[in-house]
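Listed below are the residues making up each chain.
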Amino acid sequence: MAQKPTTQPIESQTPIVTTCEASEVSSYTNIPSVVSAQTPKEINQLARLYDTDATLPNKSNHAPFLLQAHPDFGAHMKAFMYNAWENLGATIKINSVYRTPSHQARLLREYNANPAGKAKPGTTSYHLYGMAMDFNPTLKDGKQLGKSFNSSVDEWVKSGIVAAGERVNLYWGGRFSRNYDPIHFDFRNVAVSTTAVASLVREQEMTAAPNRVALA
């Protein structure tokens, strides 16, 4: 087990959420194979350890996002953040989890009013179901990883953060074939597809919010 930092990071540290140009992702394809995931039982055990670990930093940042997350996804988030802290001495600052329908509509209105220089908000994102997280890790040495190539693929992989998430069956956005997004983990390995989730939401639209729909 890695020795934890003797001082805890300041929770108000400004997250590094940056963008990258297409030319910057031309060399990001040399990524190792996906790490084998632990069993659901092991993942739930890690989530319980997260709940009881009084030393784990940034829980006040995590708490509102965990409330927004789909309950099944929330357990995987906790397991990932526990792995990062316990095994790597790394802390996680969450920036986004659930994008409400009203938030999505606002983003689309803003894009349609002024699309220049903006990426169109995705209509099939796992964020729409509370099944994705955008985050910045702060490593044991104090370095914070972000989205641009100020934090290279090698840095992300060698940090252990990618493996910490994949070990609990999360899908890393650094593996996207387009729109390299290393600050992103989502639930596609468990929820199968956004189409399947959207179908469940439609079936239960009178009784469940998108981030509370019952997965099969």
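Right above here is the structure, for reference.
Keep in mind that this is a model prediction, so the values were computed, not measured.

1. Here's the deal with the packing of aromatic side chains
Inspection of the entire model under this criterion finds 7 aromatic pairs. For the ring pair Phe 80 and Phe 135, a centre distance of 5.4 Å and an interplane angle of 65 degrees mean the geometry is edge-to-face. Of this pair, Phe 80 sits in helix 3 (residues 71-88) while Phe 135 sits in strand 2 (residues 132-138); the two residues are 55 residues apart in sequence, bridging distant segments of the chain. Taken together, a centroid distance of 5.0 Å and an interplanar angle of 70 degrees make the contact between Phe 80 and Phe 185 edge-to-face. Pair noted here: Phe 80 is in helix 3 and Phe 185 is in strand 4 (residues 184-186), with a separation of 105 residues, a long-range link. For Phe 185, a relative accessible area of 0% puts it in the buried group.

2. With respect to the pattern of salt bridges
Two side chains bearing opposite charge may form a pair once their charged atoms approach each other closely. Using the criterion set out here, one finds 5 salt bridges in the structure. Where Asp 186 meets Arg 188, a salt bridge forms, and the shortest distance between an N and an O atom there is 2.7 Å. A residue is classified by how much of its surface remains accessible, and Asp 186, at 0% relative accessible area, is buried. According to the relative accessible area criterion, Arg 188 is partly exposed, its value standing at 29%.

3. Comments concerning helix 2 (residues 59-68)
One full turn of an α-helix is made of 3.6 residues, so residues set three or four places apart face in the same direction. Within helix 2, the full set of buried residues consists of Asn 61, His 62, Phe 65 and Leu 66. Burial along helix 2 is one-sided: seen end-on, the buried residues are contained in an arc of 120 degrees. For helix 2, exposure combined with an orientation more than 90 degrees from the buried face picks out Ser 60 and Leu 67. Looking at the buried side of helix 2, the elements it contacts are helix 1 (40-52), helix 3 and strand 1 (91-96).

4. Here's the deal with the packing of helix 1 against helix 3
Helix 3 packs onto helix 1 with a crossing angle of 70 degrees between their chain directions and a minimal axis gap of 7 Å. Considered as vectors, helix 1 and helix 3 are oriented roughly perpendicular to each other. For the pair helix 1 and helix 3, the crossing hand works out as left-handed. In this structure, helix 1 contributes Ile 43, Asn 44, Leu 46, Ala 47, Leu 49, Tyr 50 and Asp 51 to the contact, and helix 3 contributes Ala 75, His 76, Lys 78, Ala 79, Met 81, Tyr 82 and Asn 83.

5. Observations regarding the sheet that holds strand 4
Pairing within the open sheet is antiparallel, and its 4 strands lie in the order 1-2-4-3. Two strands in the sheet have a free side with no partner beyond their single neighbour: strand 1 and strand 3 (171-172). Judged from the 3 bridges that link them, strand 2 and strand 4 form a sheet pairing that is antiparallel. Following the sheet pairing, Ala 132 is matched in strand 4 by Asp 186.

6. Here we look at the environment of Ala 90
Its place among the elements puts Ala 90 in the loop between helix 3 and strand 1. Note: C-alpha distance between Ala 90 and Leu 56 (34 residues apart in sequence) is 9.7 Å. Once you skip the residues sitting within four places of it in the chain, Ala 90 turns out to touch Ala 84, Trp 85, Thr 138, Leu 139 and Ile 161.

7. Points about the packing of helix 1 against helix 2
Taken N-terminus to C-terminus, the directions of helix 1 and helix 2 make an angle of 130 degrees; their axes are 12 Å apart at the nearest point. What the angle tells us is that helix 1 and helix 2 run oblique. Contacts between helix 1 and helix 2 involve Tyr 50, Asp 51 and Thr 52 from the former and Lys 59, His 62 and Leu 66 from the latter. Of the residues assigned to the contact of helix 1 with helix 2, the class counts are 2 nonpolar, 2 polar and 2 charged.

8. Some thoughts on the nonpolar core
If you look at the biggest cluster of nonpolar residues, it comprises 47 residues, and the most contacted ones within it are Met 77, Phe 80, Ile 92, Met 133, Trp 156 and Ile 161. Broken down by element, this core gets its largest block of residues, 8 residues, from helix 3. Ignoring any residue separated from it by four or fewer positions in sequence, one finds Trp 156 in contact with Phe 135, Pro 137, Leu 145, Gly 146, Ser 151, Ile 161, Val 162, Trp 172, Tyr 180, Pro 182 and Ile 183.

Criteria and thresholds
Residues numbered from 1 in each chain as written. Predicted model: local features only at pLDDT ≥ 70, side-chain atom pairs only at ≥ 80, totals over all residues. Heavy atoms only, no water. Phe/Tyr/Trp six-rings, centres within 6.5 Å; stacked < 30°, edge-to-face > 60°. Helix = DSSP H or I, 4+ residues; strand = E, 2+ residues; numbered from the N terminus. Buried < 20%, exposed > 50% of the residue type's maximum accessible area, 1.4 Å probe, protein only. Salt bridge = Lys/Arg side-chain N within 4 Å of Asp/Glu carboxyl O. Arc of directions from axis to C-beta. Contact = heavy atoms within 4.5 Å. Axes fitted to C-alpha atoms, helices over the stretch in contact; angles between N-to-C directions. Parallel < 35°, antiparallel > 145°, perpendicular 65-115°, else oblique. Left-handed = near helix turned anticlockwise from the far one by under 90°. Pairing = 2+ DSSP bridges. Nonpolar A, V, L, I, M, F, W, Y, C, P; charged D, E, K, R; others polar. Core = buried A, V, L, I, M, F, W, Y, C linked by side-chain atoms within 4.5 Å.

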